[in-house]
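# Fold and geometry: a report
Here are the chains, one letter per residue:
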Amino acid sequence: MRGSYVSEAETMVFGVAERYATALFELASETGELEIVEADIARFETLRRESADLRRLMKSLVFSNEDQVRAIGAVVEAAGLGQTVSNFIKLVASNNRLSAMADMFRGFGQLLADRRGEVTAGIVSAIPLSDGQLADIKRALADISGKSVHVELDVDPSLIGGLVVKLGSRMIDTSLKTKLDALKIALKEVG
C-alpha cells in the first residue's frame, strides 16, 4: 500500500528502478527499518564504488544470472548487511536487474529525503571537501531550496578545480575543466 509520502517523489524515480525503490521504501517504512536500510545501502554503495570487480559483476552481460546471484550473495554475506537489504539485493540479482540497482538505491534515497523534508544535492569536486567547506555549501543550498539538504559527495580529479553541484533539476558547473573546454571552443571559433 502506498503512503502519501511516496506520491510526490515518485516522479523523480523512473521505470524499473522506481518500482523496486518504492517497494523497498514501503517495506522499510512498514517494518520501522528506514534508518537501518539507509545505513546498509550506504555500506553497499561504498563497496560498489571501491570495487571495480563488483561494478563489473553488476553491469556485465558475460556472467550468467546464476553466477551473478551466487557472487552477489557472497558479497552481501561478507559485508554483513541486514536481512532486508540482503534479501533485496539477492532478489534484484535473481531478477537480472543488478545493472539498475544504483538507480534503485538512489530512488530509495530520494523517497527517504522527501519523507524527511530534505532535498538531495549531488556535489562533485576535484579534491575532497573539508568539513567547513561542506557546511558552507550545505547552508547555501538550504537557502536556495528552502529545505534541509542531504549531500551526496563524489571526487573527480579530472575537474581540475571547482565544483559541479546538482540540486533537483538545476546544475551549477564551476569546474575549471568546463571553463577550459568552453575556452577551447571559443578559440576554435575565432581561429
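Time to look at the packing of aromatic side chains. Evaluated as defined, the whole model comprises 4 aromatic pairs. On the basis of an interplanar angle of 75° and a centroid distance of 6.2 Å, the ring pair of Y20 and F88 is categorised as edge-to-face. Within this pair, whereas Y20 is found in helix α2 (residues 15–30), its partner F88 is found in helix α6 (residues 83–94), the two being separated by 68 residues in sequence. Both residues of the pair, Y20 and F88, count as buried. By the ring-pair criterion, three or more aromatic residues cluster together here, those being Y20, F44, F88 and F105.

Tallying each qualifying case throughout the model produces 9 salt bridges. One salt bridge connects E38 with R116, and the closest N-O pair in it is separated by 2.8 Å. Note that E38 is positioned in helix α3 (residues 34–50) and R116 in helix α7 (residues 101–116), a separation of 78 residues in sequence. Residues joined in a network through salt bridges with shared partners are E35, E38 and R116.

Moving on to the sheet that holds strand β2 (residues 148–155). Ordered in space as β2-β1-β3-β4, the 4 strands form an open sheet in which the pairing is mixed. Looking at strand neighbours, the two that pair on one side only are β2 and β4 (170–173), the edges of this open sheet. The sheet shows a mean angle of 15° between the axes of neighbouring strands, taken without regard to direction. Bridge analysis of strand β1 (residues 118–125) against β2 gives 8 bridges, and the strand direction is parallel.

Next up on the list: the packing of helix α5 (residues 65–79) against α6. A packed helix pair is summarised by two numbers, namely the angle formed by the two axes and the spacing between the axes. Direction vectors running N to C along α5 and α6 enclose 165°, while the axes themselves pass 9 Å from each other. The pairing of α5 with α6 is recorded here as roughly antiparallel in orientation. In this structure, the crossing between α5 and α6 has a hand that is right-handed. Taken together, the residues of α6 that come into contact with α5 (itself represented by N65, V69, I72, G73 and V76) are S86, I89, K90, A93 and S94. Its residues assigned to classes, the contact of α5 with α6 shows 5 nonpolar, 4 polar and 1 charged.

We now examine unusual backbone geometry. In this model, N96 sits at a positive phi of 60°, which is unusual for a non-glycine residue. Assignment of secondary structure puts N96 in the loop between α6 and α7. Notably, I160 is not glycine yet its phi reads approximately 70°, a positive angle.

The space that makes up the largest pocket amounts to roughly 1200 Å³. Every residue lining the largest pocket is counted, 37 residues in all, and those nearest its centre are R106, T120, A121, H150 and E152. Mapped by element, the contributors of at least two residues to the lining of the largest pocket are α3, α7, β1, β2 and β3 (163–167).

One can describe the packing of α6 onto α7 by two numbers: an axis separation of 11 Å at closest approach and a directional angle of 140°. Judged on the interaxial angle alone, α7 and α6 are oblique. Once α6 is placed against α7, the crossing between them reads as right-handed. Residue-level inspection shows F88, I89 and V92 of α6 in contact with α7, the latter providing M101, M104 and F105.

Across the 5 residues that make up β3, a large majority, 4, are buried. Where β1 lies against β3, 5 bridges are found, and the strand directions are antiparallel. Each residue of the ladder has a partner; that of V124, found in β3, is V164. As defined by bridge partners, β3 adjoins β4 across 4 bridges and the pair is classed as antiparallel. Looking across to β4, one finds that L167 is bridged to R170. Hairpin connection from β3 to β4: 2 residues lie between these consecutive antiparallel strands, with G168 at a positive phi of about 65°.

Thresholds applied
- Residues numbered from 1 in each chain as written.
- Predicted model: local features only at pLDDT ≥ 70, side-chain atom pairs only at ≥ 80, totals over all residues.
- Heavy atoms only, no water.
- Phe/Tyr/Trp six-rings, centres within 6.5 Å; stacked < 30°, edge-to-face > 60°.
- Helix = DSSP H or I, 4+ residues; strand = E, 2+ residues; numbered from the N terminus.
- Buried < 20%, exposed > 50% of the residue type's maximum accessible area, 1.4 Å probe, protein only.
- Salt bridge = Lys/Arg side-chain N within 4 Å of Asp/Glu carboxyl O.
- Pairing = 2+ DSSP bridges.
- Axes fitted to C-alpha atoms, helices over the stretch in contact; angles between N-to-C directions.
- Parallel < 35°, antiparallel > 145°, perpendicular 65-115°, else oblique.
- Left-handed = near helix turned anticlockwise from the far one by under 90°.
- Contact = heavy atoms within 4.5 Å.
- Nonpolar A, V, L, I, M, F, W, Y, C, P; charged D, E, K, R; others polar.
- 1 Å grid on protein atoms, 1.4 Å probe; cavity = no way out; pocket = protein on both sides within 12 Å on 5 of 7 lines; lining within 4 Å.
- Points joined across faces, edges and corners; volume = space filled by probe spheres on them.

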